[in-house]
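Residues per chain, in single letters:
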Amino acid sequence: MRSAVAEAKAEGKSVGLVPTMGALHAGHISLVDRARGDNDVVVVSVFVNPTQFNNAEDLATYPRTEEADCNKLSQAGVDYVFIPTVEEVYPEPDTRQFDLGEVAAVMEGAMRPGHFNGVAQIVSKLFAMVNPTRAYFGEKDFQQIAVIRKMVALEGFDIEIVDCPICREADGLAMSSRNTRLTPEQREIAPVIHKALSASVDWAKTHTLEETKRFVIDEINSFPHMEVEYYEIVDPLTMQPLTSWDAPCNGRPVGCVTAYCGKVRLIDNIKY
Ligand code: PAF
């Protein structure tokens, strides 16, 4: 992988990296398409990173579909698929603790202790191994992108982070590898997450921020199998929750939700 990228760069070519944990769907392919448009060479990594799972069952049951992934990537015209083993990535236990600051302290960071440190570990390893010109991440994991930008600033990588819009199923459900774990009944209900978020944009025009949060939570929780873990409306740069629509904010506020549908943890977000 290193020599392929070094050779491409020596020829003046740009290299786009799409880091994934496999179980690829159309959302991943949209990142690949974007990377292909921007770069001469596209690399997709497939690695289910153990250090970012804070729940052993979640790691054990994470879908692994390597052959189907490779077929999809070859159809999508990627140049390299990088599938390292756990031993190659972590020949020694990774004991690095990143000081990710406020962007990692809230929401996913508060609910999944150690998760973002694990993300920073693997993404920094992949950046060191692949050394791309640019790297592509989906906005479904909105907070993750802020954490990765922070890690890049801490480590001094000369790599452009490109964020790409959420891809949705026809009924609005944000595409996710975890959707395959929903039962048919849960799959019918899960689009309520996006429906509630979308409806809240209009609601927000005539209601306070707290009322808007309540609206989203109550709407989602009113469906069977659904339980909101958190809903926060945050500053898009700092990820800090806002308490009113008039509070200072670095751009459009973003509503970030995590909700369980049965045992499946789903995340989504919307811009106000
Ligand atoms: O978003 C993901 O799929 C993962 O967190 C990532 C960025 C590939 C790191 O393992």
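Residues numbered from 1 in each chain as written. Predicted model: local features only at pLDDT ≥ 70, side-chain atom pairs only at ≥ 80, totals over all residues. Heavy atoms only, no water.

**Student:** How would you explain unusual backbone geometry if you had to name every residue and give the values?
**Tutor:** Of note, Met107 is a non-glycine position whose phi angle comes to about 45°, a positive value. If you trace the backbone, Met107 turns up in the loop between helix H5 (86–89) and helix H6 (108–111). For Met107, a relative accessible area of 5% translates into the label buried. (Helix = DSSP H or I, 4+ residues; strand = E, 2+ residues; numbered from the N terminus. Buried < 20%, exposed > 50% of the residue type's maximum accessible area, 1.4 Å probe, protein only.)

**Student:** Tell me about the site of the ligand, residues and numbers included.
**Tutor:** As a structural note, the neighbourhood of the ligand is formed by Pro19, Thr20, Met21, Gln52, Ile122, Phe137, Asp141 and Gln144. Gln52 places a side-chain nitrogen or oxygen 2.6 Å from an oxygen atom of the ligand. With respect to the ligand, the side chain of Gln144 contributes an N or O atom lying 2.7 Å from an oxygen atom. A per-class count over the shell around the ligand returns 4 nonpolar, 3 polar and 1 charged. (Near = heavy atom within 4 Å. Polar contact = N/O pair within 3.5 Å; in protein donor to acceptor, adjacent residues only side chain to side chain. Nonpolar A, V, L, I, M, F, W, Y, C, P; charged D, E, K, R; others polar.)

**Student:** I'd like a description of the side chain of Gln144, backed by residues and values.
**Tutor:** Topologically, Gln144 is positioned in helix H8 (residues 142–155). Residues contacting Gln144, with those up to four places away along its chain left out, are Phe116, Val119 and Phe137. (Contact = heavy atoms within 4.5 Å.)

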